[in-house]
Structure formats: structure tokens, C-alpha cells
Amino acid sequence: MPHATVTVTDADFDETVMQGDKPVLVDFWAGWCGPCRVVAPVLEEIAAERRDSLTVAKLNIDENPAIAAHYGIMSIPTMKLFRGGEVVKTIVGVRPKADLEKELDSLAD
């Protein structure tokens, strides 16, 4: 089964996230982070269910330190929702799917 999330890097962050044609939820994560592994399947589900209205992107902070530093990522998982190149919401830590969906729905047009 293909992944519904997309991987972003320091090199393509601007093109994928900042210039995206729909909102982008970026998951800042690392392979050694247990809570990140807990939230990953939830984000895959959200990405699959909302693929027409939302891009869910994953950025490994160990492999892409420039973007993580730019956004001041101090703990992971941290998710930032970008709309039109601007951060409109930050969510830190593991949250149940229903809570994440409520956060996303609260920002719907």
C-alpha cells in the first residue's frame, strides 16, 4: 500500500510546503522518537482521507536540520499546519486522531 504522506527535505520544503496549492500539515519527526512512531499511522489515515484538501508531509529533523531549526522545533512530534506559506497552527505531542481532526476542521474555510 503506497504512503499517503509525502516526504519533504530541506531541499524541497519551499516547493512542497510553502508553494503548495492546498494546506500542508508537516510532521517534524525522527526515527528514534517513540511518540513519532505512534502518531505516524494516524497521520497516514488523515492523509489518505483528506488527500483532496490537505497534504500531509513528513520531515525527518535529523536528516533535515535547517528547516527544523528555522521553525524552532524543540520537541517532537511537532506538527505545523501551513496555509499559503504561513504557519496557521502548531500541534505538539501525540494526539488522538479525533483531536487532530478537530484541530484541522477548526481551520476549514
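To be clear, the structure that these remarks concern was listed above.
Now for a description of the structure that goes with this document. Bear in mind that the values here come from a model prediction, so they are computed numbers and not experimental data. (Residues numbered from 1 in each chain as written. Predicted model: local features only at pLDDT ≥ 70, side-chain atom pairs only at ≥ 80, totals over all residues. Heavy atoms only, no water.)

### Side note on the packing of helix H2 (residues 34–49) against helix H4 (residues 97–105)
Here is step 1 of the chain: With their axes 10 Å apart at the nearest point, H2 and H4 run at an angle of 45° to one another. It follows that H2 is oblique to H4 by the angle criterion. The element H2 and its partner H4 pack so that their crossing is right-handed. For the pair H2 and H4, the contacting residues are Val39, Val42, Leu43, Glu45, Ile46 and Glu49 in the first and Lys97, Leu100, Glu101 and Leu104 in the second. (Axes fitted to C-alpha atoms, helices over the stretch in contact; angles between N-to-C directions. Helix = DSSP H or I, 4+ residues; strand = E, 2+ residues; numbered from the N terminus. Parallel < 35°, antiparallel > 145°, perpendicular 65-115°, else oblique. Left-handed = near helix turned anticlockwise from the far one by under 90°. Contact = heavy atoms within 4.5 Å.)

### A word on the sheet that holds strand S3 (residues 55–60)
Here is step 1 of the chain: Ordered in space as S1-S3-S2-S4-S5, the five strands form an open sheet in which the pairing is mixed. This sheet does not close on itself; its edge strands, each paired only once, are strand S1 (6–7) and strand S5 (86–92).
Here is step 2 of the chain: Across two bridges, the pairing between S1 and S3 is parallel. Among the inter-strand pairings, Thr7 is bridged to a residue of S3, identified as Lys58. (Pairing = 2+ DSSP bridges.)

### Examining the packing of aromatic side chains
Here is step 1 of the chain: Taken as a whole and judged by the stated rule, the model has four aromatic pairs.
Here is step 2 of the chain: Pairing Phe28 with Tyr71 gives two aromatic rings, centres 6.5 Å apart and planes at 50°, and the pair type is tilted. Remark: Tyr71 occurs in the loop between helix H3 (65–70) and strand S4 (78–83) and Phe28 occurs in strand S2 (residues 24–29); sequence separation between them is 43 residues.
Here is step 3 of the chain: Given a relative accessible area of 0%, Phe28 falls into the buried group.
Here is step 4 of the chain: Between Tyr71 and Phe82, the ring centres sit 5.3 Å apart and the planes meet at 90°, which makes this aromatic pair edge-to-face. (Phe/Tyr/Trp six-rings, centres within 6.5 Å; stacked < 30°, edge-to-face > 60°. Buried < 20%, exposed > 50% of the residue type's maximum accessible area, 1.4 Å probe, protein only.)

### Observations concerning the pattern of salt bridges
Once the charged atoms of two side chains with opposite charge are near each other, the side chains can pair.
Here is step 1 of the chain: Tallying each qualifying case throughout the model produces six salt bridges.
Here is step 2 of the chain: For Lys97, the salt bridge identified is with Glu45, shortest N-O distance 2.9 Å. On the criterion of sequence distance, the pair formed by Lys97 in helix H4 and Glu45 in helix H2 is long-range, its members being 52 residues apart.
Here is step 3 of the chain: Residue Lys97 is classed as partly exposed on the basis of its relative accessible area of 22%.
Here is step 4 of the chain: Judged by relative accessible area, which is 39%, Glu45 ranks as partly exposed.
Here is step 5 of the chain: For the salt bridge of Asp105 with Arg50, the shortest nitrogen-to-oxygen distance reads 2.9 Å. Taken together, the residues span a long stretch of sequence, with Asp105 in helix H4 and Arg50 in the loop between H2 and S3 at a distance of 55 residues.
Here is step 6 of the chain: For Arg50, a relative accessible area of 19% translates into the label buried. (Salt bridge = Lys/Arg side-chain N within 4 Å of Asp/Glu carboxyl O.)

Honestly, that's just the spatial picture; any functional story needs more than this.
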